[in-house]
Amino acid sequence: MTQDEMKKRAAWAALDFVPRHTIVGVGTGSTVNHFIDALASIKHEIKGAVSSSVQSTEKMLALGIQVFDLNDVDSFSVYVDGADEINSQKHMIKGGGAALTREKIVAAVAEKFVCIVDSSKQVDVLGKFPLPVEVIPMARNYVARELTILGGRPVWRESVVTDNGNIILDVHGLAITDPLALEQQINQITGVVANGLFAARAADVVLVGAATGTLVLQ
């Protein structure tokens with residue numbers, strides 16, 4: 001079974017966690033694209049979705065799923081999104097698709113966060129995948145210096161501008177043994193909009209697509 005097939009398996013399994021006749025929070029990325037396809041199969045049974053990115057919004061609209069502005073929604077039951085890495089405490093690194101800030105906002109509003117991944121995303125210690133940090137453009141060099149002090153090697157993702165008009169620094173070389181503390185520490189650097197550690201808002205449920213089936217971690 002290919003990695004993409006395992007992603008698809010986890011994504012379709014997430015439908016079991018979607019309450020009908022409600023609004024669904026939808027993340028961003030290759031695994032989520034499979035979830036959007038799955039969601040389209042029940043689009044007449046849900047009110048619509050809240051999206052974490054322009055990319056996901058465009059895909060959902062093309063499939064006939066109504067997309068709501070988050071400012072018009074007080075709360076919703078479930079947010080479904082992927083991860084670039086996830087540990088046994090359900091802490092994640094996200095942001096490979098540069099949508100981390102909006103993903104954090106949508107996740108904060110949701111009552112439950114369902115993370116969908118293939119088995120290759122499971123790790124003992126976060127940090128092999130470079131940690132994305134969204135930064136105000138004028139603060140790029142200052143933030144990079146501060147991240148270097150923390151022990152990382154920040155690299156500007158030059159070809160990328162986020163949906164919010166900012167830039168991404170990918171921080172290499174970190175072994176993140178205390179994700180919550182580092183998430184808070186990086187957020188305190190002036191010029192940082194958000195970072196890709198999801199520890200303060202970890203996943204509630206993890207669906208792991210594997211060759212043998214989908215593992216449910218709660």
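Residues numbered from 1 in each chain as written. Predicted model: local features only at pLDDT ≥ 70, side-chain atom pairs only at ≥ 80, totals over all residues. Heavy atoms only, no water.

(A) Inspection of the nonpolar core at higher detail. Judged by nonpolar contacts, the single largest core of 25 residues is most densely connected at V24, V26, F35, L39 and I116. Among the secondary structure elements, those contributing two or more residues to this core are α1 (3-13), β1 (23-26), α2 (30-40), β4 (76-81), β7 (110-118) and β13 (205-210). In terms of residue count, the dominant contributor to this core is α2 (six residues). Residues in contact with I116, not counting those within four places in the same chain, are A10, A11, A14, T31, V32, F35, V80, D81, G82, A83 and L207. Formed by 19 residues, the second largest nonpolar core is a distinct cluster that contains L147, I167, L169 and V192. (Core = buried A, V, L, I, M, F, W, Y, C linked by side-chain atoms within 4.5 Å. Buried < 20%, exposed > 50% of the residue type's maximum accessible area, 1.4 Å probe, protein only. Helix = DSSP H or I, 4+ residues; strand = E, 2+ residues; numbered from the N terminus. Contact = heavy atoms within 4.5 Å.)

(B) View of the sheet that holds β7. Strand order in this open sheet of seven strands is β3-β2-β1-β4-β7-β13-β14, and the pairing throughout is mixed. One side of each edge strand has no neighbouring strand; the edge strands of this open sheet are β3 (67-68) and β14 (213-217). (Pairing = 2+ DSSP bridges.)

(C) Local environment of the pairing of strand β10 (residues 167-172). The element β10 is largely enclosed, with a buried count of five among its six residues. In this sheet, β10 lies alongside strand β8 (residues 131-135) in antiparallel orientation, the contact comprising five bridges. Counted as the bridge partner of P132 is D170 from β10. Pairing analysis gives four bridges linking strand β9 (residues 153-156) to β10, with the strands arranged antiparallel. Bridge pairing in β10 links V155 to D170.

(D) Representation of the sheet that holds strand β11 (residues 192-195). Read from one edge to the other, the open sheet built from four strands follows the order β9-β10-β8-β11, with strand pairing classed as antiparallel. The strands lining the two open edges of the sheet, one partner per strand, are β9 and β11. Taking each pair of neighbouring strands and ignoring which way they run, the sheet shows an average axis angle of 30°. Across the sheet, helix α5 (residues 140-149) touches β8, β9, β10 and β11, and the angle it forms with β10 is around 15°. Sheet strands in contact with helix α6 (residues 179-187) are β8 and β11, and its direction is about 165° off that of β11. (Axes fitted to C-alpha atoms, helices over the stretch in contact; angles between N-to-C directions.)

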